[in-house]
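Overview (structure and organization)
Here is how the chains run, residue by residue.
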There are 2 protein chains.
Amino acid sequence: MNRDGFMSVTIKDIAKAANVSYATVSRALSDHPDISEETKKKIKKLAKDMGYTPNIVARSLITKATKTIGLIIPDITNPFFPEVAQGVEGYAYDNGYTVLLCTTNWQIEREERYLKALRSKMVDGIIIAPAIDDISHIICHFNGGDTPVVFVTYSPDNPDCSFVATDDYKCGFMATEYLLKLGHRNIAYIGGLENSSSDRRRFEGHREALKSYGLPLRYSPMHGQFKQMSGYELTKELLIYNDIPTAILAGNDVLALGVIQAVEEFGLKVPDNVSVMGIDDISFASFDKISLTTVAQPKGEIGRLAAEIIIQKINNPQDKAPVKKVLEPRLIIRRTCRSI
Amino acid sequence: MNRDGFMSVTIKDIAKAANVSYATVSRALSDHPDISEETKKKIKKLAKDMGYTPNIVARSLITKATKTIGLIIPDITNPFFPEVAQGVEGYAYDNGYTVLLCTTNWQIEREERYLKALRSKMVDGIIIAPAIDDISHIICHFNGGDTPVVFVTYSPDNPDCSFVATDDYKCGFMATEYLLKLGHRNIAYIGGLENSSSDRRRFEGHREALKSYGLPLRYSPMHGQFKQMSGYELTKELLIYNDIPTAILAGNDVLALGVIQAVEEFGLKVPDNVSVMGIDDISFASFDKISLTTVAQPKGEIGRLAAEIIIQKINNPQDKAPVKKVLEPRLIIRRTCRSI
DNA sequence: GACATTTGCGAAAACGTTTGTTATACTTTA
DNA sequence: TAAAGTATAACAAACGTTTTCGCAAATGTC
């Protein structure tokens, strides 16, 4: 009987009504072979009639499985993440799992608090897109434990970690290479958070592509946040204090949107005066009025795969071997870049 | 000791180490006044040193509070919902709650299955943006129970339901009124899901606005899904089989994006030949290349308020009075509509 | 110094399940 | 017909907490 005088029906109530022990009810409901078909039928009917709902937290306490997985992402507001979230949620749903959504807003303190909470709540597994490059706090939280974790959108240095990510380095490289092939030589990079892992790798890819063409870094990399506004402001700054680049590569698509806005507000045309390119291929990039040239990640696929891996790991706890998937980025040529 | 030979430390372990009863440990950790400062300090230190993490599911079993709330939304991929999700998650986080993300993909079966799951998992409250107009299954699931539910983005007819929503009728009305004031008389409506509650009300607002100007419905309302592609296809159909309207009101912004694409692909200019308007004000609507005229909902505010209400209800279960918040939509004039 | 009060803590029940072991009754086998 | 086997179901422990009650020692009161 709870505080409202409302009493939810438990296995014991059914036992009483059926005049059997409650162990029998439990077994009947889970189709245990020890129970006769007759009683099973009787009990199941009773359960239905009485409106029985199993109490999963009680069950979890003993089975040590909560049938929920934690999903930690930096920012649900960036259209990139909802798509991976959809991927994991879809697969989880199909397999009887439920997902706890945790957004860190790129703050490590939030990430840590959520990690602790997820542990307390005994989630069966964790899928995490880490906010920053240093993931030692994550390792230390769960390596000793038995909760599997798979990283997404990030490939950890630690060889024991499972992950699914598209090659960020290659993203940066491909994008830059494409611009170089178009004839650009003055290419600036507008990044997001300075200590973001993926941004860092994308930038490295960018730099290496330049190097492969024998070009130095002409513009010092700029960092802010992964927000349109940040891309906007950084670009304004870039345009004011530097030679105008012929192309700008943004760390991701929402930054690119800000870049475009700033460029045009500066009186320049995209792509006529300056080409701009993004990374991610968020759905709005394909909108005709935008037509952002970008390099695509298989967002839903990342999520689905991560969920698949984690559930596989949950079901086979003895198999500790890390599984690593690196997916291929795809160049998507649209209309924000031109050859010169 | 779990299946991996890894044993997480429990309150009993601490009790043993501290040479006190485990009741004492429990009380010490929760700062119960019965326990001396001295033992509290000792036990807390021990807990920390031993790496104790409370098992919330065990706690929940007895306190009947899981400190988690369920969030059911139709589609995380529509930028509208992540913003309300962010609102609830932010407030929940600040108050020690965690949120279970459930997306229904507008399917009532998913909604129902999730509802059942949330009940089984003993969430403390549920925030739901219902997929369709008929919410009887939701009522029946939780009215008998004690789990508070608040609707978002939807105002139920049932006077006992709590909700926070912006006035959908008014959204439709305001948008249409604006178009009318601009001189438009041939206005078409492109909707989303036929049995969506908000779409229906928005359409009603649209029709009433027309009526207030003495105008009949010139175009039969069109329905599809709440997807850009659907807006696109519906508009194509509209343009082919009807007189060209001077303005099109879309059921929401992502539809509007599809509308624009179709219109321009048809060889018409927005807003020169046809004005188009959306509803929601998703973040991309303000992007300069789009500049979608729309009517805004306070998305984050909706989420935050809903979380606030539900937590308030969780803490005061005796207070059964429904709380209803209807928020004001705001007309956002940008550049996809012109006066004629 | 006798009594009442407070302080600090332990014993045990409870939450709603699952599950290993045991018990009963019935059937088969030799 | 006795021994053995096979269904079926009951008993009880366990999961990791919180919480009610009670008890002893320490403290206060007159």
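Below is a short write-up of the structure. If you're wondering where the values come from, they're calculated on a predicted model, not measured in any experiment. Position labels on residues start from 1 in each chain and follow its written sequence. Here every chain gets a letter starting at A, and every ligand a number starting at 1, in the order they are written. Only residues with pLDDT of 70 or above have their local features reported here, since the model is predicted, and side-chain atom pairs are shown and tallied only from 80 upward, although totals for entire chains, interfaces and linings are computed over all residues. Side-chain calculation: all heavy atoms of the structure are included, whereas hydrogens and water are not.

With that settled, consider the side chain of Thr294 of chain B. Residue and element names in this part refer to chain B. Along the chain, Thr294 turns up in strand β9 (residues 293–296). When accessible area is computed with a 1.4 Å probe and restricted to protein chains, residues below 20% of their type maximum are described as buried, those above 50% as exposed, and intermediate ones as partly exposed. Using a relative accessible area of 0% as the deciding quantity, one classes Thr294 as buried. Throughout this description, a polar contact denotes any pair of N or O atoms lying within 3.5 Å of each other; where both atoms belong to protein, one of them has to be capable of donating a hydrogen while the other can accept it, and for residues adjacent in sequence the pair is counted only when both atoms sit in side chains. A polar contact is formed between the side chain of Thr294 and the backbone oxygen of Gly278, at a distance of 3.0 Å. One polar contact links the side chain of Thr294 to the main-chain amide nitrogen of Ile279, over a distance of 3.2 Å. When residues no more than four places from it in sequence are discounted, the contact partners of Thr294 are Asp253, Met277, Gly278, Ile279, Asp280, Asp281, Arg330, Leu331, Ile332 and Arg334. A helix here means a DSSP run of H or I that spans at least four residues, while a strand means a run of E at least two residues long, and both kinds are numbered starting from the N terminus. The criterion used for residue contact is that any of the two residues' heavy atoms lie within 4.5 Å.

In this section: the side chain of Ser120 of chain A. In this structure, Ser120 of chain A sits in helix α6 (residues 108–120). Of the residues examined, Ser120 of chain A reaches a relative accessible area of 6% and is grouped as buried. Within the structure, the side chain of Ser120 of chain A is placed 2.9 Å from the backbone oxygen of Pro54 of chain B, a separation counted as a polar contact. Beyond its immediate stretch of four places on either side in the chain, Ser120 of chain A contacts Thr53, Pro54, Asn55, Ile56 and Val57 of chain B.

Let us look at a nonpolar patch on the surface. A residue counts toward a patch only above 30% relative accessible area and without a salt bridge, and it is joined to like-charged neighbours within 9 Å or, for Val, Leu, Ile, Met, Phe, Trp and Tyr, to nonpolar neighbours within 5 Å. Calculation of accessible area relied on Shrake-Rupley with a 1.4 Å probe; when residues are assessed, cover is drawn exclusively from the protein chains displayed. Salt bridges are defined as contacts in which a side-chain nitrogen from Lys or Arg sits within 4 Å of a carboxyl oxygen from Asp or Glu. Where nonpolar side chains cluster on the molecular surface, the patch consists of Ile240, Tyr241, Ile244 and Phe266 of chain A and spans about 430 Å² of accessible area. Inspection of the secondary structure assignment puts Phe266 of chain A in the loop between α11 (253–265) and β8 (275–280).

Now for the protein's contact with DNA strand D. Only heavy atoms are used to decide nearness, and a residue is near a molecule or strand if one of them lies within 4 Å of it. Contacts to DNA strand D come from 28 residues, most closely from Ser21, Thr24 and Thr39 of chain A together with Ile11 and Ser26 of chain B. Atoms of DNA strand D within 4 Å of the protein belong to the sugar or the phosphate in 57% of instances, the rest to bases. Between DNA strand D and Arg27 of chain B there is a distance of 3.0 Å, counted from a base oxygen to a side-chain nitrogen or oxygen. Contributions of two or more residues to the surface near DNA strand D are made by α2 (22–29) and α4 (56–63) of chain A together with α1 (11–18), α2 (22–29) and α4 (56–63) of chain B.

This part takes up helix α11 (residues 253–265) of chain B. Residue and element names in this part refer to chain B. In this analysis, the expected span of each helix is defined as 1.5 Å times one less than the number of residues it contains. Its 13 residues give α11 an end-to-end C-alpha distance of 18 Å, which sits within 8% of 18 Å, the value for a rise of 1.5 Å per residue. Of all 13 residues in α11, 11 are buried, a share of seventy percent or more. Among the residues of α11, Asp253, Val254, Leu255, Ala256, Leu257, Gly258, Val259, Ile260, Gln261, Ala262 and Val263 are the ones counted as buried. Of the surrounding elements, those touching the buried residues of α11 are β6 (187–190), α10 (228–241), β7 (247–250), β8 (275–280) and β9. With a side-chain oxygen lying 3.1 Å from the backbone nitrogen of Val254, the N-terminal cap of α11 falls on Asn252. Just beyond α11, the residue with positive phi is Gly267, at close to 95°.

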